[in-house]
Each structure stands twice: as structure tokens, then as C-alpha cells.
Amino acid sequence: MKPKVEIFTDGACKGNPGPGGWGVLLRCGITEKELYGGERQTTNNRMELKAAIEGLKALTKPCTVILTTDSQYVRKGITEWLSGWKRKNWKTAGGQPVKNQDLWQLLDEQNSRHDIDWRWIKGHAGHRENEIADQLACLGASAHQR
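The rules behind these values
Residues numbered from 1 in each chain as written. Predicted model: local features only at pLDDT ≥ 70, side-chain atom pairs only at ≥ 80, totals over all residues. Heavy atoms only, no water. Pairing = 2+ DSSP bridges. Helix = DSSP H or I, 4+ residues; strand = E, 2+ residues; numbered from the N terminus. Buried < 20%, exposed > 50% of the residue type's maximum accessible area, 1.4 Å probe, protein only. Contact = heavy atoms within 4.5 Å. Axes fitted to C-alpha atoms, helices over the stretch in contact; angles between N-to-C directions. Parallel < 35°, antiparallel > 145°, perpendicular 65-115°, else oblique. Left-handed = near helix turned anticlockwise from the far one by under 90°. Nonpolar A, V, L, I, M, F, W, Y, C, P; charged D, E, K, R; others polar. Phe/Tyr/Trp six-rings, centres within 6.5 Å; stacked < 30°, edge-to-face > 60°.

A word on the pairing of strand 3 (residues 31-42). The sheet contact formed by strand 2 (residues 18-28) and strand 3 spans 10 bridges and is antiparallel. Within strand 3, the residue paired with Trp 22 across the bridge is Gly 37.

In C-alpha cells:
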């Protein structure tokens, strides 16, 4: 039986593009772990994707995961749009190249390793775990401002 893990993710950007950060709160039972990082020049969407990727990469073996994000871009991308992009050789419905293809491919790899229930929650609405992920993402962004 696979371990059950909850992952809460968020991305932040000081300017878009600008210095950005990602934050992750992992929970297995009563144990929680916080992760964060960032980049000097990035976008909010890239940091939202990076948060999900890094949260999943932190799992050392295949798990049953509930991944909660406040990004519809991430949730809809992985659950609705990804299969079409792959079928169309990474082109959108309008024939344009998919933005952030490199990160979508990394997320797709992680998605295939685990059984994931992708959930969305409204950001900045007082949800404890989302607020923690947001604070971590802001830490990541602040560390890359210069």
C-alpha cells in the first residue's frame, strides 16, 4: 500500500517577470515539512509549476497524494490541457507553442510516478496550509531579490 501524503503548493513573484519563489508544505500523518526556493528572473506561473514539481520530487517513493494548489493554471493544465498539448506536439489549441513546456514536462514525469488527486483552493482566503505555502514562496522570492 502506498503512503498517503498531502502537498500544498504556492508560487510568488515580485514583478511578473521578476524575482520569484515557490513554497511547499508536505504532510504525512501529523508530520509536516516545509520546502522553498526561487529564481532571480521568472514568472508567477513558472513558480506555481515549480512548487508542484518540487513537492512531488521530495517524495522518495510512489505515493497516494492530495495536491492542493491555488493555481487554476496548474490544476487545469495537468488535469485538462496536458494530454491535448502532448497530442499536438506541445502546441496550444491556437497552434502556438505551450508556455513553460520544460516545466510541464517535468511535472508530467512526477505526475506519472504517483496517484494524485489535484485540488484547487482559493488563495489568500485564510486556509492555513495555503497561507504557509504562500509565506514560503515569498521567502523564496525575497532570497532572490537583488
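What follows continues from the structure just given.
A few words on the environment of Ser 83. Here Ser 83 shows up in helix 2 (residues 72-87). Along the backbone, Ser 83 and Leu 139 are 56 residues apart, and their C-alpha atoms lie at a distance of 33 Å.

What follows deals with the environment of Gly 77. Note on placement: Gly 77 falls in helix 2. A relative accessible area of 0% means that Gly 77 is categorised as buried. Each C-alpha atom, one on Gly 77 and one on Trp 104, is 8.3 Å from the other, the two residues being 27 residues apart in sequence. When near neighbours in sequence (up to four residues on either side) are disregarded, Gly 77 contacts Gln 72, Leu 82, Trp 85 and Trp 104.

Moving on, we get to the packing of helix 1 (residues 44-57) against helix 3 (residues 101-113). For the pair helix 1 and helix 3, the least separation of the axes is 9 Å and the interaxial angle reads 30 degrees. Between helix 1 and helix 3, the crossing angle belongs to the class labelled roughly parallel. Here helix 1 and helix 3 pass one another in a crossing that is left-handed. Across the interface between the two elements, Arg 46, Leu 49, Lys 50, Ala 52, Ile 53, Leu 56 and Lys 57 from helix 1 touch Asp 102, Leu 103, Trp 104, Leu 106, Leu 107, Gln 110 and Arg 113 from helix 3. Class assignment of the residues belonging to the contact of helix 1 with helix 3 gives a composition of 8 nonpolar, 1 polar and 5 charged.

Our next topic: the packing of aromatic side chains. What characterises a pair of aromatic rings is the spacing of the ring centres plus the angle enclosed by the ring planes. Counted according to the given criterion, the structure contains 4 aromatic pairs. Aromatic side chains Tyr 73 and Trp 104 sit 5.3 Å apart centroid to centroid with 70 degrees between the ring planes, which places their arrangement in the edge-to-face category. Here Trp 104 lies in helix 3 and Tyr 73 lies in helix 2, a separation of 31 residues in the sequence. Trp 104 gets classed as buried once you look at its relative accessible area, which sits at 0%. Pairing Trp 85 with Trp 90 gives two aromatic rings, centres 6.5 Å apart and planes at 35 degrees, and the pair type is tilted. An aromatic cluster of at least three residues, connected via ring pairs, comprises Tyr 73, Trp 81, Trp 85, Trp 90 and Trp 104.

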